[in-house]
Structure formats: C-alpha cells, structure tokens
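Results of the structural survey
The primary structure of each chain is shown beneath.
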Amino acid sequence: MKKFILTLLLALVSTVGAMAQTKFYESCRNNPEFETVYIGKAMLRMVNSSKLHVQGMNLNTVVDKLESIQVITTEKKKPAKQLKEAAYTEFSPATQYEIMMEANDNDDTTTIFYKKLKNNSNEYVLINSSNDFHETTVIILTGSITPEDLKNLKRL
Amino acid sequence: MKKLIFTLLILFSSLVASAAAFDSVFSKFKKIDGAEYVKVPGLLVRLSASKFTQVDSLPMDIKITGIRVLEVPKSAGSKFDKAIEDAGKNCELMLETTDNGEKAIIWVEPKGNKSYNKMIIYSADDRSLVELSGKFCPK
C-alpha cells in the first residue's frame, strides 16, 4: 500500500511541475493593463551558472535557491491603483504574510512581505508604488531563501 | 502483482502525457483551414543547425535535431490558446511575459535532472508555436 501511495505521489508530482505560479500572478497575467513576467527554475539555473553581480553584491548563492520570480507591473494611473489595492489585500498580515520592511519616501512606498511556505520554501513579496509616476510593481520570489541568506549577502 | 502493474501504468501514463503534451496541439491544429505548418526534416536540421550550438550570452549547450512551426489563423485564437495552456501544464515553464495583451511563453521538457529535450516557444501575438527538439544543457 505504501508503495502504491508513493508511486501515485510521484506520478502526480511529475505532472504538476508547471503549477508554480501564485494565484495572484494567475489573476494578473490575463489583464492587458498589466505587464507580467514569470521566470522559472529552468531559466534561473542558467542565470546561476554565470556570475551574477548586482550593485557589487554576489547574488549567486541566493539565485541558486530561487524557484521562481514573478513580476507584475503597470505604469498607468487607474491600473496602478487597482494593482496596489489588490496586492495589499492579497499580501497582508491577515493572510499570514509578515511585514519585513516598509519604507515611505514622499509618494513612493515600498513594502516587503514574507511568508513561510511548506517544504522549507519561503515567499517574499515586494510591492513598490509611486503615486508621482502612477507606477506599481509587485515582485514575488519563491524558493528556499531564508532571511539569514539575505543578511549574509556579501558585498564584493 | 496487479497493484504493481496498475501503479506502473499510472506512472507511465503521466510520463507519456508529458512527452506528448504539444504533439496533440500540432496534430490537431495543423489540419485546420488557414493553418501553416512546417516540419524541418532531421537531415536538413543536421546540415544547417548542427553548427548552431550556442546562443550569445545564454550559458547553454544546444544541439537541435528537429524543428516544428505552426501558425494558426485568428479564427482559431481562443481554442488554440486553451489547447496551448493545457499542454503547457505538462511541461516546465521557463519564461512567460505579457505586455499590452501580447504574450510570449517558453516551456522546456526535462530530460533527467540537468538537461531538456524540447523547447517550446509560443507567441500569442501571431498565434505561432515553435518546437525545438534536441538537447539543451545549461552549463
């Protein structure tokens, strides 16, 4: 019976590889007002193999642990407001997301949320909105990156 | 014994479903009116694309052994989109981007842990589907 359950699980796992997109991304990807980008593990594996340095930081160790990157952005007034509201509803302490960081600078707001998922996986959500430029960007990172990994990012 | 055969069948069917994911899309939509379908024969690919093993700045070893291209008319749009989305669920999503209602998606079909044997590129803008078969190994 155990073998049966195990093989059944294996069969299921092999067919659900593509179901890695979050519900929020799924709801946004068909909205023509938003630009969306999904980068999967296959693509990230290639990024990892070359040296990845951003603003003097070596991100190789972090990229290695990433499962996916999802970006939703818009630069139009009404959709920007709509995306901002939807993001703050979806990602909030009420939905088990912990606020890691919040920054306000004039009309520019940035919030980073964190949620621990199953299987040692974590989800980080960055929401940036600028009222001046009518721009909202939501970046969702999933993977086994821990808050300690972020602390340990070394400057080159 | 029955249980073993049954579980093996389930496992095998899931693998077959993955391998044939886009085959059904090609075979179904190439027959519709106005569709354009091109399959580049293996020999021709070997002659022309065998030297093509690298793409600038993409750290991947590429060996292409087959190319299929399908473009369907606007009238087949929503059905084609649905078939593509369903087939894509059986592959690994590599990259997806949407902008102003235009959509481009790249899937890969894994072969083992470190390489892929198919790369499928879909452009919703002109409803075209390109399948590259071969070996794609990230360096």
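Structure shown above.
Only a predicted model underlies this, so the values are computations on that prediction, with no experimental measurement involved.

**Describing the overall build of chain A**
Within chain A, the regular secondary structure consists of 6 helices and 8 strands. Its helices and strands taken in sequence order, chain A reads α-α-β-α-β-β-α-β-α-β-β-β-β-α from the N to the C terminus. Taking the intrachain contacts of chain A between residues at least 6 apart in sequence as the baseline, contacts between residues at least 24 apart amount to 56%.

**Comments concerning the pairing of strand β4 (residues 102–111) of chain B**
Residue and element names in this part refer to chain B. Both strand β3 (residues 92–99) and β4 contribute to a ladder of 7 bridges, which runs antiparallel. Bridge pairing in β4 links Glu 96 to Ile 105. Bridge count for β4 against strand β5 (residues 115–123) is 8 bridges, and the pairing is antiparallel. From the neighbouring strand, Ile 105 faces β5, where its bridge partner is Tyr 122. Linking two consecutive strands that pair antiparallel, namely β4 and β5, is a turn of 3 residues; a positive phi of about 75° is found at Gly 112 within it.

**Considering the environment of A:Leu117**
Residues and elements named next belong to chain A. With respect to the secondary-structure elements, Leu 117 resides in the loop between β6 (108–116) and β7 (122–130). The class for Leu 117 is partly exposed, based on 13 C-beta atoms found within 10 Å. Residues Leu 117 and Gly 143 lie 26 residues apart in sequence; the distance between their C-alpha atoms is 9.1 Å. Apart from residues no more than four positions distant in its own chain, Leu 117 is found in contact with Asn 122 and Glu 123.

**As for the pairing of β6(A)**
All names here are of chain A. Strand direction decides the pairing type here: strand β5 (residues 98–105) and β6, joined by 7 bridges, are antiparallel. In the strand pairing of β6, Asn 104 is matched with Thr 109. Between the end of β5 and the start of β6, which pair antiparallel, lie 2 residues, with Asn 106 showing a positive phi angle near 50°. Pairing of β6 with β7, which is carried by 9 bridges, proceeds in the antiparallel orientation. Paired with Phe 113 across the bridge in β7 is Val 125. The turn joining β6 and β7, which pair antiparallel and follow one another in sequence, is formed by 5 residues; a positive phi near 60° is taken by Asn 119.

**Some words on helix α5 (residues 77–90) of chain A**
An ideal rise of 1.5 Å per residue puts 20 Å on 14 residues; α5(A) measures up with 20 Å between its terminal C-alpha atoms. Each element contacted by the buried residues of α5(A) is listed here: α2 (23–29), β4 (66–74), β7 and β8 (135–143) of chain A.

**Remarks on helix α4 (residues 77–88) of chain B**
All names here are of chain B. For α4, which comprises 12 residues, the first-to-last C-alpha distance of 16 Å matches the rise-based estimate of 16 Å (1.5 Å per residue) to within 8%. If you check which residues of α4 are buried, you get Phe 80, Ile 84, Ala 87 and Gly 88. Mapping the buried residues of α4 onto a view down its axis gives an arc of 100°, with all of them on the same face. Every exposed residue of α4 that faces more than 90 degrees away from the buried side is listed here: Ser 78, Lys 82, Glu 85 and Asp 86. Along its buried surface, α4 packs onto α2 (23–29), β3, β4, β5 and β6 (128–138).

**What about the nonpolar core?**
Judged by nonpolar contacts, the single largest core of 45 residues is most densely connected at A:Val138, B:Met94, B:Trp107, B:Val108, B:Met119 and B:Ile120. Apart from residues lying up to four places away in sequence, B:Met94 is in contact with A:Gly40, A:Ala42, A:Met43, B:Ile106, B:Trp107 and B:Val108.

**Digging into the environment of A:His134**
All names here are of chain A. Mapping His 134 onto the fold places it in the loop between β7 and β8. His 134 sits in the partly exposed class, given 15 other C-beta atoms within 10 Å. The spatial distance from the C-alpha of His 134 to the C-alpha of Tyr 97 is 25 Å, given a sequence separation of 37 residues. Contact partners of His 134, with chain neighbours within four places excluded, come to Glu 75, Lys 76, Lys 77 and Ala 80.

Calculation rules
- Residues numbered from 1 in each chain as written.
- Chains lettered and ligands numbered in written order.
- Predicted model: local features only at pLDDT ≥ 70, side-chain atom pairs only at ≥ 80, totals over all residues.
- Helix = DSSP H or I, 4+ residues; strand = E, 2+ residues; numbered from the N terminus.
- Contact = placed C-beta atoms within 7 Å.
- Pairing = 2+ DSSP bridges.
- Buried ≥ 20, exposed ≤ 12 C-beta atoms within 10 Å, placed from the backbone.
- Expected span 1.5 Å × (residues − 1).
- Arc of directions from axis to C-beta.
- Core = buried A, V, L, I, M, F, W, Y, C linked by C-beta atoms within 7 Å.

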